[in-house]
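Per-entry structural report
Letter by letter, the chains look like this.
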Amino acid sequence: MTSVPYEQSPPRGSPGRRLSVYFYRHPRLSLALLLALPLGWLAVAYLGSLIVLLLAAVWNVDPFTSQVVHTYTLDNFRRLFDEPVYRNVAWRTIQMAALVTIADAVLAFPIAYYMARVASPRARNLLVVAVLMPLWASYLVKAYAWRIILSGEGMLNWVLGPLGISFHGYSSAGLWLVFTYLWLPFMILPVYAGLERIPSSLLEASADLGGRSLRTFWRVTLPLAFPAVVAGSIFTFSLTLGDYIAPKLITSQQFIGTLIYDNHGTNLPVAAAFTLVPIVVMIVYLVVARRLGAFAAL
Amino acid sequence: MGEWWADYAKQVQSYANKDVVIGTTWPYMENILKADKKPVNAIKPKEGTTGWSDTWMIYSKAAHPNCMYMWMNYIESPQAQAKVAESFGEAPANLKACPLTTNKDFCTQLHAADESWWKNVYYWTTPTADCGGKGGTCKTQQDWVNAWTEIRG
């Protein structure tokens, strides 16, 4: 056995060695230096830009050029409260986000359960790839594909036609289908991870104590997997709340994202003020999700 | 009728799939749909229509002014004007472009030389509070955008 190569570490008293000793004696300093870059990026590039955006909500615009003029006003916030359209649009978007989240949870749970508990390791790998596959395709392509599917002369009506059903695709219901499709992988993956983490011994213990499969599912599996469902719902809910491309393509109805998008060129302060609505909604949502244990399940 | 359109691809697809049967349009979309042999037609109402002139913007502090002049010469030339006009489905500003278009009836179809046609084409302007200097008080661009938001609900 060869000796440990001590001679590779810097000799005593050399600058490198002294620096190393210094950092060893000041662990907080080395931690601060390690975190400075990522934390700095988070604070400046991420939170900083958000703050600049929110600050824009208290400025005016030049009526001719639509440029932001730095004169203080609260009119933009007043408009959000006085004009019912903003309330209606916010409420419509929150409802859509909730319905999409419920649909994704209902669809994702059996798929995730099969992947985690039933499928052979080989089938499981194939299913993980299959779930991730849509994420490799461009979002725009998928949204446009759905626009063609939902068209009056599209595939959906072609399938439903013989059943005597005509589906008006360019509507809230159509958009709900598109969102449910788009965000489904974001629900399946956390639920799959959550179900996989449940120790088999707990299910066996339930069976030993006389619990049948349905009872075990309701009393053991579901409560243990619920935080994972809430974790997945953070994605489906927040992605629906902020999206503007799918609503623009599928419906003529206004949602939070489309309203901000339509205003950002001509009246940035109004758009910035309206941004506060989804931010507040998401903060409330995250606080509730945290209480339900979603962060531990991520 | 059926849905608002905000980008031309959406409108072209709406007409192609018969999700929309009547609505406002641009000559650009009309050209694409007719090139695809879709049964559509565009008309100008006798009350007139809105219109606009496409413009090129040039940076006043361009690093290579000579390059800029060469570009201006090029883009004003009948050859370049013919290409731009046909690509966008708009009447060329330079009438010398008319004999150079690939579709020989292009300028006639767009009434490029027909001055009476343009009498009731109302050009887009930015609405201002002082009514563009004509006196009185008018709605600003922001008022119109807000009204549009509220109409759509």
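Residues numbered from 1 in each chain as written. Chains lettered and ligands numbered in written order. Predicted model: local features only at pLDDT ≥ 70, side-chain atom pairs only at ≥ 80, totals over all residues. Heavy atoms only, no water.

**Section: the interface of chain B and chain A**
Just so we agree on the cut-off: We call two residues in contact whenever any of their non-hydrogen atoms come within 4.5 Å of each other. Buried area, as used here, totals the accessible surface that two parts lose on assembly, with accessibility defined by a 1.4 Å probe and the loss added over both. A side-chain nitrogen of Lys or Arg and a carboxyl oxygen of Asp or Glu constitute a salt bridge if their distance falls within 4 Å. Here a polar contact is taken to be a pair of N or O atoms separated by no more than 3.5 Å, where protein atoms must pair a possible hydrogen donor with a possible acceptor and residues adjacent in sequence count only if both atoms sit in side chains. Numbering of helices and strands starts at the N terminus; helices are DSSP runs of H or I of at least 4 residues and strands are runs of E of at least 2. Each residue is assigned to one of three groups, with Ala, Val, Leu, Ile, Met, Phe, Trp, Tyr, Cys and Pro labelled nonpolar, Asp, Glu, Lys and Arg labelled charged, and all others, Gly among them, labelled polar.
Between chain B and chain A, the contact holds 23 residues from the first and 29 residues from the second. For the pair chain B and chain A, the two sides together bury roughly 2100 Å², of which 44% comes from carbon and sulfur. On the chain B side of the interface with chain A, the three residues burying the most area are Gln 13, Gln 142 and Thr 149 of chain B, jointly 24% of the side's total. Applying the counting rule to chain B against chain A returns two salt bridges. With a closest N to O distance of 3.6 Å, Arg 152 of chain B and Asp 262 of chain A form a salt bridge. At the boundary of chain B and chain A, one finds twelve residue pairs in polar contact (both at pLDDT 80 or more). If you tally residues by element for the side of chain B that touches chain A, the top one is helix α6 (residues 141-152) of chain B, at seven residues. The residue makeup of the side of chain B that touches chain A, split by class, is five nonpolar, eleven polar and seven charged.

**Details of the domain arrangement of chain A**
All names here are of chain A. To keep things clear, this is the line we draw: Boundary definitions for the domains trace back to an automatic or database domain assignment.
The domain boundaries assigned to chain A delineate domain 1 (6-58) and domain 2 (69-297). Placing the centre of domain 1 and that of domain 2 at their C-alpha centroids yields a distance of 37 Å. Counting residues at the interface gives six residues for domain 1, matched by 13 residues for domain 2. Here domain 1 and domain 2 share an interface that buries about 680 Å² over both sides, 76% of which is from carbon and sulfur atoms. Counting across the domain 1 and domain 2 interface gives zero salt bridges. Counting across the domain 1 and domain 2 interface gives two residue pairs in polar contact (both at pLDDT 80 or more). Classifying every residue of the side of domain 1 that touches domain 2 gives six nonpolar, no polar and no charged.

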